[in-house]
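What follows is the residue order along each chain.
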Amino acid sequence: MNRSFVALACFLIPLVQARSAFADKAADLFTEGSKAAEERDWDACRAKLIEAWGIRQHWRIAANLGACELNLGMYRDAAEHLSSGLRVLPADVGADTRAELTALLDEASTKLVTLTFRTDPSDAEVLLDGKSLGRGPFERSIFLDARTYAIEIRAEGRKPFKGTIEGRAGQREAVDRRLEPVEAAPPEPAAPPRPSRRATPRTAPIPRVGPGAQGPSIVPLVVVGAAAAVALGVSVGLSVAADGKADEAQEAAKDLNPSACDDPRRSTAACKALEGALSASDALSSGAVASFAVGGALMLGTIGLAAWNLSHARRGPAVRAAPAIGMSLGGVTVAGSW
């Protein structure tokens, strides 16, 4: 008789005791399974006890079921049921029974890989070969057949862990794994502003004069402008003087007969004074007109020079101005190219 059978025989109890602990159906199945174990009919033993375990999860059923499975070479099932029996074993059970159950579990474990898990976070999900074992915390050992497994541990907001376990018979391994937090994604760069559909007004380029470059001289502009101012001032003065002579002639002619001075031979001093006043007034008026014409021409020349200077500074259209002056008329000739 092997060790497993001896241990199982120690758990057999009379039918009367079984009925006090289990429901009638579970007790009947337990009794039938125990009889099959006495006859070493391990298949029948397991079948009866599996059915009883489905009705009532009692440590005696778990212990005897594990012993039957151990004799059948079903090491993983045996370990699962034996460990379940040990977890719910009452405190008043004798030390010999506890030791016997522990020895049976150790015997099954020599054919298996025993894993314990501790994860951070504790509710991480564990997968073996893509099949979930559930979420932690895992309070009991996991029994596996001896072979290689792909393991994955994952949790929300953490980087998953992936690896392999080279499972060997009798191997006991504690898997202690902390999952690192997932780094926050960098913020997306702001989209560039959309160009306005409104047309942007074009700005005229500002002319730049390089070092050493010389712009147009303003001396001619100043000279011509000053001359224009003087000519206009002279014109005004001559106009005032002409008006004065005209007033003088009117005063002289006030007491004379209009025909008294028609005959030069009878010309009197009053007639000569009148004639002199009129001649002076005419000369002054002609001078005023001539000065005004010259001043106007010079003023136009000043404007032309100013335009030429501006166009030359901006490197734009070329403008040329030349005054035209006469005794009775004046003007300025302006020519340009674009």
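Everything that follows concerns the structure shown earlier in this document.
Throughout what follows, the structure given in this document is the object of discussion. (Residues numbered from 1 in each chain as written. Predicted model: local features only at pLDDT ≥ 70, side-chain atom pairs only at ≥ 80, totals over all residues. Heavy atoms only, no water.)

## Considerations on the overall build of the chain
Line of reasoning, step 1. A count of helices and strands for the chain gives 9 helices and 9 strands.
Line of reasoning, step 2. Taking all 338 residues of the chain together, the buried fraction comes to 31%.
Line of reasoning, step 3. Partitioning the intrachain contacts of the chain with sequence separation of at least 6 by distance along the chain shows that 58% fall at a separation of at least 24.
Line of reasoning, step 4. Summed over all atoms, the accessible surface of the chain reaches about 21,300 Å², with 56% contributed by carbon and sulfur. (Helix = DSSP H or I, 4+ residues; strand = E, 2+ residues; numbered from the N terminus. Buried < 20%, exposed > 50% of the residue type's maximum accessible area, 1.4 Å probe, protein only. Contact = heavy atoms within 4.5 Å. Areas by Shrake-Rupley, 256 points an atom, 1.4 Å probe, with all protein chains shown as cover.)

## Considering the pattern of salt bridges
Line of reasoning, step 1. As enumerated under the stated definition, the model contains 11 salt bridges in all.
Line of reasoning, step 2. Of the charged contacts in the structure, one is a salt bridge between Arg118 and Asp176, with a shortest N-O distance of 2.5 Å. Of this pair, Arg118 sits in strand S1 (residues 112-120) while Asp176 sits in strand S7 (residues 172-178), placing them 58 residues apart in sequence.
Line of reasoning, step 3. With a relative accessible area of 58%, Arg118 lands in the exposed category.
Line of reasoning, step 4. Asp176 gets classed as partly exposed once you look at its relative accessible area, which sits at 48%.
Line of reasoning, step 5. Each of Arg46, Glu69 and Asp77 takes part in a single network of salt bridges with overlapping partners. (Salt bridge = Lys/Arg side-chain N within 4 Å of Asp/Glu carboxyl O.)

## Details of the environment of Phe143
Line of reasoning, step 1. As for its position among the elements, Phe143 is in strand S4 (residues 142-145).
Line of reasoning, step 2. C-alpha of Phe143 to C-alpha of Lys111: the two residues are 32 residues apart in sequence and 9.9 Å apart in space.

## Observations regarding the state of the cysteines
Line of reasoning, step 1. Applying the stated criterion across every chain, the model contains 1 disulfide.
Line of reasoning, step 2. Here Cys45 is linked by a disulfide to Cys68, with a sulfur-sulfur distance of 1.8 Å. Note on the Cys45 and Cys68 pair: the S-S dihedral is about 50°, so by sign convention the disulfide is right-handed. Taken together, the positions of Cys45 in helix H4 (residues 42-55) and Cys68 in helix H5 (residues 59-71) put the pair 23 residues apart, joining distant regions of the chain.
Line of reasoning, step 3. Of the residues examined, Cys45 reaches a relative accessible area of 0% and is grouped as buried.
Line of reasoning, step 4. Residue Cys68 is classed as buried on the basis of its relative accessible area, which comes to 0%. (Disulfide = S-S within 2.5 Å.)

## Focus: the sheet that holds strand S2 (residues 125-128)
What holds strands together in a sheet is hydrogen bonding between their backbones, with the strands either parallel or antiparallel.
Line of reasoning, step 1. As summarised here, the arrangement of the 4 strands in space is S3-S2-S5-S6, forming an open sheet in which the pairing is antiparallel. Of all strands in the sheet, those with a lone pairing partner are strand S3 (131-135) and strand S6 (161-166), marking the two edges. On average, each strand axis in the sheet is tilted by 25° relative to the strand beside it, whichever way the strands run.
Line of reasoning, step 2. When strand S5 (residues 148-154) meets S6, the two strands line up antiparallel, connected through 6 bridges. (Pairing = 2+ DSSP bridges. Axes fitted to C-alpha atoms, helices over the stretch in contact; angles between N-to-C directions.)

## Comments concerning the sheet that holds S7
Line of reasoning, step 1. Read across the open sheet, the 3 strands follow the order S4-S1-S7; overall the sheet is mixed. The sheet is open, and its two edges are formed by S4 and S7, each paired on a single side. Taken over all neighbouring pairs, the strand axes of this sheet differ in orientation by 30° on average, direction set aside.
Line of reasoning, step 2. Here S1 pairs with S4 via 4 bridges, running antiparallel. By the bridge assignment for S4, Thr114 is matched with Phe143.
Line of reasoning, step 3. Lying on the sheet, helix H6 (residues 75-87) is in contact with S1 and S4; it crosses S4 at an angle near 170°.
Line of reasoning, step 4. With respect to the sheet, helix H7 (residues 95-109) is in contact with S1, S4 and S7, its orientation differing from that of S1 by roughly 95°.

## Details of the environment of Ala174
Line of reasoning, step 1. Secondary-structure assignment places Ala174 in strand S7.
Line of reasoning, step 2. Spatially, the C-alpha atom of Ala174 lies 4.8 Å from that of Thr116, the residues being 58 residues apart in sequence.

## Observations concerning unusual backbone geometry
Line of reasoning, step 1. Here the bond from Asp120 into Pro121 is cis, since omega is 10°, no more than 30 degrees from zero.
Line of reasoning, step 2. Looking at the secondary structure, you find Pro121 in the loop between S1 and S2.
Line of reasoning, step 3. Positive phi values are uncommon outside glycine, yet Arg40 reaches one of about 55°.
Line of reasoning, step 4. Position of Arg40 among the secondary structure elements: in the loop between helix H3 (24-38) and H4.
Line of reasoning, step 5. One non-glycine residue, Asp129, adopts positive backbone phi at about 55°.
Line of reasoning, step 6. By secondary structure assignment, the location of Asp129 is in the loop between S2 and S3.

## Section: a negative patch on the surface
Line of reasoning, step 1. Together, Glu38, Glu39, Asp41 and Asp43 make up a region of like negative charge exposed at the surface.
Line of reasoning, step 2. Looking at the secondary structure, you find Glu39 in the loop between H3 and H4. (Patch = residues over 30% accessible without salt bridge, like charges linked within 9 Å, V, L, I, M, F, W, Y side chains within 5 Å. Lys, Arg positive; Asp, Glu negative; His and termini not counted. Charge placed at Lys NZ, Arg CZ, Asp CG, Glu CD.)

## Some remarks on H5
Line of reasoning, step 1. In a regular helix each residue adds 1.5 Å, so 13 residues correspond to 18 Å; H5 covers 19 Å between its end C-alpha atoms and thus fits that length.
Line of reasoning, step 2. Of all 13 residues that make up H5, 12 are buried, and the element is covered over most of its length.
Line of reasoning, step 3. If you check which residues of H5 are buried, you get Trp59, Ile61, Ala62, Ala63, Asn64, Leu65, Gly66, Ala67, Cys68, Glu69, Leu70 and Asn71.
Line of reasoning, step 4. Phi turns positive one or two residues past the end of H5, at Gly73, with a value near 80°. (Expected span 1.5 Å × (residues − 1).)

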